[in-house]
Amino acid sequence: MPENDFLDAEPTIHSTKQLMESPEVEAIAKKVIEKHKMEFGPAEIGYFLVYPNLSKQRAAKCMKATREVKHYSGNDYLIEISGELWDMLDNDTKEMMLYHELLHVDPTFKSKTQEWKMTIRKPDFADFYTINDKFGNEWYKTIQATASSLYDLDPKQESKVKL
C-alpha cells in the first residue's frame with residue numbers, strides 16, 4: 001500500500017497557557033466604562049487573564065469573538081490580559097490598560113439592515129488620542145517597564161512591549 005501523507009500522525013502541541021475568566025478585570029472594566037461614559041450598545045465583552053502571559057512582549061489584546069465563541073459564550077468581544085503582568089500593576093495602570101483595550105470595542109448600528117456590526121477599532125497611532133491627550137503615556141511606560149523587569153527584557157525588547 002502506498003504511503004499517504006494524510007494519515008501521518010501530527011505531533012500534538014500542548015500549551016502551558018491557562019485562560020481564566022476574571023471578575024476583577026470585569027469589575028475594573030465596568031468602572032472604566034462608567035467613568036469615561038463609554039457606550040457599546042448590545043455588545044457583550046468577556047474578560048480573561050492568560051497565565052503566565054500572552055507573550056513576553058504582549059501585555060493585552062482585544063479581539064472580536066468568532067461566531068462559535070459568540071454562540072457558546074454570548075460574548076461579542078474578548079479582552080485578554082497577561083496574568084503575571086496584571087498581578088504586578090497598580091490600580092491606576094490597570095484602569096488605563098483596560099481603557100485602551102475598551103477603546104478597540106466598536107459596535108456600529110447599520111440602519112440599512114437594522115443590525116449591529118461588531119468591529120475592532122484601530123488606534124490612532126501606537127495609542128488612542130483620547131488617552132494620550134488626557135493622560136499622557138506614563139501608564140504605557142509603566143506597563144513596558146513592568147514587563148521588562150518581569151521577563152528580564154533588554155531595552156530594545158522593552159520598547160516592543162505592546163497592547
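Residues numbered from 1 in each chain as written. Predicted model: local features only at pLDDT ≥ 70, side-chain atom pairs only at ≥ 80, totals over all residues. Heavy atoms only, no water.

Observations regarding the overall build of the protein
So, step 1. A tally of regular secondary structure across the protein gives seven helices and six strands.
So, step 2. Going residue by residue from the N terminus, the α and β elements of the protein occur as β-α-β-β-α-β-α-α-β-β-α-α-α.
So, step 3. Referenced to the eigenvectors of the C-alpha coordinate spread, the extents of the protein come out at roughly 70 × 50 × 30 Å.
So, step 4. Counting the 163 residues in the protein, one finds 39% classified as buried.
So, step 5. Counted over contacts in the protein with a minimum sequence separation of 6, partners at least 24 positions apart contribute 68%.
So, step 6. Here the protein holds 22 positive side-chain charges and 28 negative ones, and the gap between their average locations is 6 Å. (Helix = DSSP H or I, 4+ residues; strand = E, 2+ residues; numbered from the N terminus. Buried < 20%, exposed > 50% of the residue type's maximum accessible area, 1.4 Å probe, protein only. Contact = heavy atoms within 4.5 Å. Lys, Arg positive; Asp, Glu negative; His and termini not counted. Charge placed at Lys NZ, Arg CZ, Asp CG, Glu CD.)

Re the packing of helix α1 (residues 23-35) against helix α4 (residues 91-102)
So, step 1. As a packed pair, α1 and α4 sit with axes 9 Å apart at the nearest point and diverge in direction by 70°. Of the possible angle classes, the one that applies to α1 and α4 is roughly perpendicular. The segment α1 lies against α4, with Glu24, Val25, Ile28, Ala29, Lys31, Val32, Ile33 and Lys35 engaging Lys94, Glu95, Leu98, Tyr99 and Leu102.
So, step 2. For the contact of α1 with α4, the class distribution of residues is eight nonpolar, no polar and five charged. (Axes fitted to C-alpha atoms, helices over the stretch in contact; angles between N-to-C directions. Parallel < 35°, antiparallel > 145°, perpendicular 65-115°, else oblique. Nonpolar A, V, L, I, M, F, W, Y, C, P; charged D, E, K, R; others polar.)

Some points on the sheet that holds strand β3 (residues 60-64)
Strand pairing in a sheet relies on backbone hydrogen bonds. The paired strands run either parallel or antiparallel.
So, step 1. Pairing in this open sheet of four strands is mixed, and the strands run β1-β2-β4-β3 from one edge to the other. Whereas interior strands pair on both sides, the edge strands pair on one side only; in this sheet they are β1 (18-21) and β3. Ignoring which end each strand starts from, the neighbouring axes of this sheet average 25° apart.
So, step 2. With five bridges joining them, β3 and strand β4 (residues 77-82) adopt antiparallel strand pairing. Residue pairing across strands places Lys61 opposite Glu80, the latter belonging to β4.
So, step 3. The strands touched by α1 are β1, β2 (45-51) and β4; relative to β2, the strand with the most contacts, the crossing angle is about 135°.
So, step 4. Its contacts with the sheet put α4 on β2, β3 and β4, and the angle it makes with β4 is roughly 145°. (Pairing = 2+ DSSP bridges.)

Things to note about the packing of aromatic side chains
So, step 1. Applying the stated criterion to the full structure yields three aromatic pairs.
So, step 2. Ring centres of Tyr99 and Phe135 lie 6.2 Å apart, and the angle between their planes is 85°; on these two criteria the pair is classed as edge-to-face. Residue Tyr99 is located in helix α4, and its partner Phe135 is located in helix α5 (residues 129-135); the two are separated by 36 residues in the primary sequence.
So, step 3. When its relative accessible area of 3% is taken as the criterion, Tyr99 is described as buried.
So, step 4. For Phe135, a relative accessible area of 35% corresponds to the partly exposed category. (Phe/Tyr/Trp six-rings, centres within 6.5 Å; stacked < 30°, edge-to-face > 60°.)

Some points on the pattern of salt bridges
So, step 1. By the definition in use, this model includes eight salt bridges.
So, step 2. Where Glu95 meets Lys35, a salt bridge forms, and the shortest distance between an N and an O atom there is 3.4 Å. In this pair, Glu95 sits in helix α4 while Lys35 sits in helix α1, placing the two residues 60 residues apart along the sequence.
So, step 3. Judged by its relative accessible area of 52%, Lys35 is exposed.
So, step 4. Notably, a salt bridge pairs Arg67 with Glu68, separated by 3.7 Å at the nearest N-O pair.
So, step 5. Here the salt bridges share partners, and the residues they tie into one network are Lys31, Lys35 and Glu95. (Salt bridge = Lys/Arg side-chain N within 4 Å of Asp/Glu carboxyl O.)

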